Each structure stands twice: as structure tokens, then as C-alpha cells.
Amino acid sequence: GSNVYYDDGNVYYGDEVVATADEYAAQAEAIATNIPEETPAEEDWMSLGVFALTQDGEPNGAEPTMFLQLAVSKQGILSGSLQNVTTDSVQPIEGMVDKQSQRAAWTVAGETRPLMETGIGNLTQDTAPALIHFEDGSTQQWLMVRMDQPKEDPKAKSTPATPPQ
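Residues numbered from 1 in each chain as written. Predicted model: local features only at pLDDT ≥ 70, side-chain atom pairs only at ≥ 80, totals over all residues. Heavy atoms only, no water.

A. Examining the pattern of salt bridges more closely. Inspection of the entire model under this criterion finds four salt bridges. A salt bridge links Glu 29 to Arg 113; its shortest N-O distance comes to 2.6 Å. With Glu 29 in helix H1 (residues 21-32) and Arg 113 in the loop between strand S8 (103-108) and strand S9 (115-119), this residue pair connects regions lying 84 residues apart in the sequence. Looking at Glu 29, the relative accessible area reads 25%, which means it is partly exposed. A residue is classified by how much of its surface remains accessible, and Arg 113, at 17% relative accessible area, is buried. Of the charged contacts, one joins Arg 146 and Asp 126 as a salt bridge, the two residues approaching to 3.7 Å between their closest N and O atoms. Placement of the pair is Arg 146 in strand S11 (residues 139-146) and Asp 126 in the loop between S9 and strand S10 (127-133), with a sequence separation of 20 residues. The exposure class of Arg 146 is partly exposed, given its relative accessible area of 22%. By relative accessible area, Asp 126 is classed as exposed at 56%. (Salt bridge = Lys/Arg side-chain N within 4 Å of Asp/Glu carboxyl O. Helix = DSSP H or I, 4+ residues; strand = E, 2+ residues; numbered from the N terminus. Buried < 20%, exposed > 50% of the residue type's maximum accessible area, 1.4 Å probe, protein only.)

Printed below as a string of C-alpha cells:
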């Protein structure tokens, strides 16, 4: 959130140094990759929504090209997909929520970088700041903007589909 920021190679929470930038990224990686082996039951999942992703500093009005769909299990497992409309690719996402710190961190399944993180509470808001840690050691702040759920057309429900002929 807005309480966490980077300055001169350190990460601050409020006015207090909590870690070096490298240590903070390593903590996020440990959170994201600490996924339990057991698969949660279908009813144990809750959708967090679909978010458009934009890098801080992108011009206002620029159409987003990356979208993230996330769900969280009762055990704190994160799952979803990352869509890049520019490259026409969809990749599975996996990660975890650290119950003590409330940090949520995830990556493309089977990868360790880029690694994205935010506070789990942020994922209940319409806009959320997020950090992305890259392979080269750099970190960028991005913005997650919740997408509206499509409205259902009441006529579509009452009209049965016509079978192909």
C-alpha cells in the first residue's frame, strides 16, 4: 500500500526500514513459492476479481494490455491467470498469502520472476498498488484496477440457444 516505499536501496514501512530491497524481494519469493501440496476443494475458493495492470507513469488514457484474474483459497493459496493482449498469451498464476504479514505474492506458474506482490487487503479495493520484482533485481510499482463484471442480459437468459442445423 502507500505505507510501503523504496528509498536508497531500502524498503520502508512508514518511517521504519523493514528490509533491503533484495531482502524484501526474497521474502516475497518465499511467500509466493510456499504453496501447500494439497489442492483445495472447489468451494474453498473465492474470486478476487479481474484487474487491469498498468505501470506507474504510463500516460492516462492508455489502454491496458495486461489483465490479471485472481482467486484465493481458504488456505491462502492464490491462483488465476495473466493475459497479455499484445502478445495474445494467457499464463497460469500461482502464489500465496502470508497470514502473518498479509502480503500476497504470485508469479507465473513454475517461475520465480517476475514476481508480483501487494497486501491482501488491497485486492478488495477498486485500485491497488503492486510491486513487481524482476530477474535483474529491479522493482517497479504498478497499479491494479478492478474491472467491472459484465452485466448479464436478462433477455439472454429467457431465450434458449438455437441448436446448430
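From this point, the narrative continues.
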